Amino acid sequence: MNYTRQIIAYKNYFLDFYEHLPDKTQSKIEWTLNLIRVTPQVPEKYFKHLEGTKGLYEIRVEVGNQIYRIFSFFDKGNLVVLGNAFQKKSQKTPKNELEKAIKIMAEYQNENKK
């Protein structure tokens, strides 16, 4: 299969969240990540740049009436790096989750300045 993007999880930020989710939710996340891998123009419904940030994106997953968000960012062109994730309970993105995502992105960039 030809991939448009490659996706990796940075450290355990995403995986620690993911492994505690129900199978149905994990399946939907896998489906969404695969869509991002193979679709040249991913609809904003699934993958959206966060306004007011330098390069932070939000992967959006809906399972029934549950909404999940995975913060991510790009590295080396088409490598999507997954950071923290959370279950969304209101319209606004929690400030602490956004701050955590920005810290994770900075941490990743500092480690990968080779």
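In this report, we go over the structure that sits alongside the text. For clarity, every value in this text was computed on a predicted model and none was experimentally measured.

1. Thoughts on the packing of aromatic side chains
Enumeration over the complete set of coordinates arrives at ten aromatic pairs. Judged by centre distance (5.9 Å) and plane angle (35°), the rings of Tyr 10 and Tyr 13 are tilted. With a centroid separation of 5.1 Å and an interplanar angle of 90°, the aromatic rings of Tyr 10 and Tyr 108 are classed as edge-to-face. Remark: Tyr 108 occurs in helix H3 (residues 95-111) and Tyr 10 occurs in the loop between strand E1 (6-9) and helix H1 (13-18); sequence separation between them is 98 residues.

2. Quick notes on the pairing of strand E3 (residues 56-63)
Looking at chain direction, strand E2 (residues 47-49) and E3 are connected through three bridges and run antiparallel. What sits directly across from His 49, in E3, is Tyr 57. Between the antiparallel neighbours E2 and E3 lie six residues, among them Gly 52 with a positive phi of about 80°. Sheet analysis places E3 next to strand E4 (residues 66-75), joined by eight bridges and oriented antiparallel. Paired with Val 61 across the two strands is Tyr 68, which belongs to E4.

3. Re unusual backbone geometry
Even without a glycine there, the phi angle at Lys 11 is positive, about 50°. The residue Lys 11 is located in the loop between E1 and H1 in this model. Phi at Lys 76 takes a positive value of approximately 45°, unusual for a residue other than glycine. Mapped onto the secondary structure, Lys 76 falls in the loop between E4 and strand E5 (79-88). On the basis of relative accessible area, Lys 76 is assigned to the exposed category, the value being 61%.

4. Describing the pattern of salt bridges
For the structure shown, the criterion picks out six salt bridges. Lys 95 is the partner of Glu 99 in a salt bridge, and the nearest nitrogen-oxygen pair spans 2.9 Å. Here Glu 99 pairs with Lys 95, and both are found in helix H3, just four residues apart, close to one helical turn. Judged by its relative accessible area of 36%, Glu 99 falls in the partly exposed class. For Lys 95, a relative accessible area of 62% puts it in the exposed group. Through salt bridges with shared partners, a single ionic network connects Lys 11, Glu 107 and Glu 111.

The rules behind these values
- Residues numbered from 1 in each chain as written.
- Predicted model: local features only at pLDDT ≥ 70, side-chain atom pairs only at ≥ 80, totals over all residues.
- Heavy atoms only, no water.
- Phe/Tyr/Trp six-rings, centres within 6.5 Å; stacked < 30°, edge-to-face > 60°.
- Helix = DSSP H or I, 4+ residues; strand = E, 2+ residues; numbered from the N terminus.
- Pairing = 2+ DSSP bridges.
- Buried < 20%, exposed > 50% of the residue type's maximum accessible area, 1.4 Å probe, protein only.
- Salt bridge = Lys/Arg side-chain N within 4 Å of Asp/Glu carboxyl O.

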